[in-house]
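Observations on the three-dimensional arrangement
Residue-level listing of the chains:
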Amino acid sequence: MKTRTAPSPPDASRAAAEAADGGRPADRGPAKIRRQLPTSPWLFAAPGLAIVAVFILYPFISTLNNSFTDKRTLMPGEYVGLANFRELLHDDMFWIGLRNSTLYVLVVVPALVLLPLLLAMLVQKHLPGITFFRSAFYTPVVASIVVVGLIWVWMLDERGLVNAVLEAVGVGRVGFLSDQWLLLFSAMAVTVWKGLGYYMIIYLAALANVPRELHEAAAVDGAGAVRRFFSVTVPAVRSTMVLVGALSSVAAFKVFSEVYLMAGPTGGPAGEDTTLVMLVQRVGTGLTGRVGYASAISVVVFVVTVALMLLVLRADRKEDA
């Protein structure tokens, strides 16, 4: 008959721990970490990559391929090389669209870089009722661009509210929607008005990180409000100003809704207010739409927007140097 040997001291302590824990095995230390498969990160990124591939990468490659063909809406098209791009050089409407889109950038971008900063500095102050004004300034951002466009068309019409006020004060009616340049600048004003609140929020986040001690030190040195703005505020939010400039320049060059709603599908009087994106929509849609030619215009828009962003970033690097 075999005799049971007494457990060694470690075994005895483990048995006591199991008995105190209701008979469950005692903790034997940290669990062994399973080795991660090399494909695990790609499995998590797969849904996002699929969305990018389907809705961004494939349309871009398809547009680039179509720009070298004479494809139409109901026809597959054949390869024509650079014929579409050569045609652009002799298309008067293309140059009109390029002029209007470029002018849009030159007018809208400086306004959207400076005015929201001033607005953010105003609403940053703790004043009675300032919350109401913050909400009021941001309301155009969440409003539908179609609704905003129709409201401004109604206000700027020959018999609209603005002309009624001008006529009442003796100025007379102004053709905001019938004059080529007034219509284009009216659309610019709508773009600036709608974008003020959005960029104001971005500037508010940047101003919150500006140390108050810098303003106090500048005030002690005798700097006024204007001097503190250029010496303290602008250098502190310069990177944010570059970001706003890049975003607003791309959006301004690709403007469509404001001009389309105010000028109509024809692009204003004789099409003189047509932008490049409006030209893409006009040429490439319909049963006889020239998809290949519209794709060539889209490629030009893409190249110019990338060039605008690179210019803004390069200007920022030069200032850093």
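Residues numbered from 1 in each chain as written. Predicted model: local features only at pLDDT ≥ 70, side-chain atom pairs only at ≥ 80, totals over all residues. Heavy atoms only, no water.

Scanning the protein chain from terminus to terminus reveals 14 helices and zero strands. Ordered by position from the N terminus, the helices and strands of the protein chain form the series α-α-α-α-α-α-α-α-α-α-α-α-α-α. A buried classification covers 33% of the 321 residues belonging to the protein chain. Contacts spanning at least 24 positions in sequence make up 66% of the contacts within the protein chain whose residues lie at least 6 apart. On the protein chain, roughly 20,400 Å² of surface is accessible, and the fraction owed to carbon and sulfur atoms is 67%. (Helix = DSSP H or I, 4+ residues; strand = E, 2+ residues; numbered from the N terminus. Buried < 20%, exposed > 50% of the residue type's maximum accessible area, 1.4 Å probe, protein only. Contact = heavy atoms within 4.5 Å. Areas by Shrake-Rupley, 256 points an atom, 1.4 Å probe, with all protein chains shown as cover.)

So, about helix α11 (residues 238-253). Spanning 16 residues, α11 covers 22 Å between terminal C-alpha atoms, matching the ideal 22 Å at 1.5 Å per step. When we look at burial in α11, the residues that qualify are Thr240, Met241, Val242, Val244, Gly245, Ala246, Ser248, Ser249, Val250, Ala252 and Phe253. (Expected span 1.5 Å × (residues − 1).)

This next bit is on a nonpolar patch on the surface. A cluster of nonpolar residues, Leu57, Phe60, Ile61, Leu64, Phe302, Val303, Val306, Leu310 and Leu313, forms a patch on the protein surface that exposes about 770 Å² of accessible area. Elements with a minimum of two residues in the nonpolar patch: α2 (40-66) and α14 (291-320). The element best represented in the nonpolar patch is α14, accounting for five residues. (Patch = residues over 30% accessible without salt bridge, like charges linked within 9 Å, V, L, I, M, F, W, Y side chains within 5 Å. Salt bridge = Lys/Arg side-chain N within 4 Å of Asp/Glu carboxyl O.)

Relative to the helices and strands, Ser249 resides in helix α11. A polar atom in the side chain of Ser249 sits 2.9 Å from the backbone oxygen of Gly245. Residues contacting Ser249, with those up to four places away along its chain left out, are Val105, Val109 and Leu308. (Polar contact = N/O pair within 3.5 Å; in protein donor to acceptor, adjacent residues only side chain to side chain.)

Let us look at helix α13 (residues 276-284). Looking only at α13, the buried set comprises Leu276, Met278, Leu279, Val280 and Val283. Note on α13: the residue one or two positions beyond its end, Gly286, has a positive phi of about 95°.

Before going further, it helps to spend a moment on the pattern of salt bridges. By the definition in use, this model includes three salt bridges. Between Arg290 and Glu87 there is a salt bridge; the shortest N-O distance is 2.9 Å. Highlighted residues: Arg290 in the loop between α13 and α14 and Glu87 in helix α3 (residues 83-88), separated in sequence by 203 residues. Overall, the relative accessible area of 31% leaves Glu87 in the partly exposed class.

Here the focus is the nonpolar core. Core analysis: the biggest nonpolar cluster contains 57 residues, and Leu88 and Tyr104 have the highest contact counts within it. For this core, the secondary-structure elements that each account for two or more residues are α3, α4 (92-123), α6 (145-156), α8 (180-207), α11, α12 (257-263), α13 and α14. In contact with Tyr104, not counting residues within four places along its chain, are Val109, Leu184, Ala187, Met188, Thr191, Ala252, Val255, Glu258 and Val259. (Core = buried A, V, L, I, M, F, W, Y, C linked by side-chain atoms within 4.5 Å.)

Once that is clear, we can look at the packing of aromatic side chains. Aromatic rings considered in pairs are described by the distance between their centres and by the relative angle of their planes. Across all of its chains, the model carries nine aromatic pairs by this definition. Ring geometry for Phe94 and Trp95: centres 5.3 Å apart, planes at 70°, overall edge-to-face. Classification of Phe94 as buried rests on a relative accessible area of 5%. When the ring of Phe132 is compared with that of Phe133, the centres are 5.4 Å apart and the planes differ by 75°; the resulting orientation is edge-to-face. Using a relative accessible area of 42% as the deciding quantity, one classes Phe133 as partly exposed. Put simply, the rings of Phe132, Phe133 and Phe137 pair up and form one aromatic cluster. The lysine or arginine in question, Arg290, covers the ring of Tyr293, its NZ or CZ lying 4.5 Å from the ring centre. (Phe/Tyr/Trp six-rings, centres within 6.5 Å; stacked < 30°, edge-to-face > 60°. Lys NZ or Arg CZ within 6 Å of the ring centre and 35° of its normal.)

Our focus in this paragraph is the layout of surface pockets. A volume near 570 Å³ is recorded for the largest pocket. At the level of elements, α4, α9 (212-220) and α10 (225-236) are the ones that each hand at least two residues to the lining of the largest pocket. By volume, the second largest pocket is sized at about 250 Å³. What lines the second largest pocket is a set of 14 residues, among which Thr191, Lys194, Gly195, Ala251 and Glu258 lie closest to the centre. Those elements that place two or more of their residues in the lining of the second largest pocket are α4, α8 and α11. Sort the elements by how many residues they give to the lining of the second largest pocket and α8 lands first, with five residues. For the lining of the second largest pocket, the per-class residue count stands at nine nonpolar, three polar and two charged. (1 Å grid on protein atoms, 1.4 Å probe; cavity = no way out; pocket = protein on both sides within 12 Å on 5 of 7 lines; lining within 4 Å. Points joined across faces, edges and corners; volume = space filled by probe spheres on them. Nonpolar A, V, L, I, M, F, W, Y, C, P; charged D, E, K, R; others polar.)

Take the packing of helix α5 (residues 130-142) against α8 next. Relative to each other, α5 and α8 sit at 120°, their axes nearing to 6 Å. By the angle between their axes, α5 is oblique relative to α8. Considering the relative orientation of α5 and α8, their crossing is left-handed. Residue-level contacts link Arg134, Phe137, Tyr138, Pro140 and Val141 of α5 to Trp193, Lys194, Gly197, Tyr198, Met200 and Ile201 of α8. The residue inventory of the contact of α5 with α8, partitioned by class, reads eight nonpolar, one polar and two charged. (Axes fitted to C-alpha atoms, helices over the stretch in contact; angles between N-to-C directions. Parallel < 35°, antiparallel > 145°, perpendicular 65-115°, else oblique. Left-handed = near helix turned anticlockwise from the far one by under 90°.)

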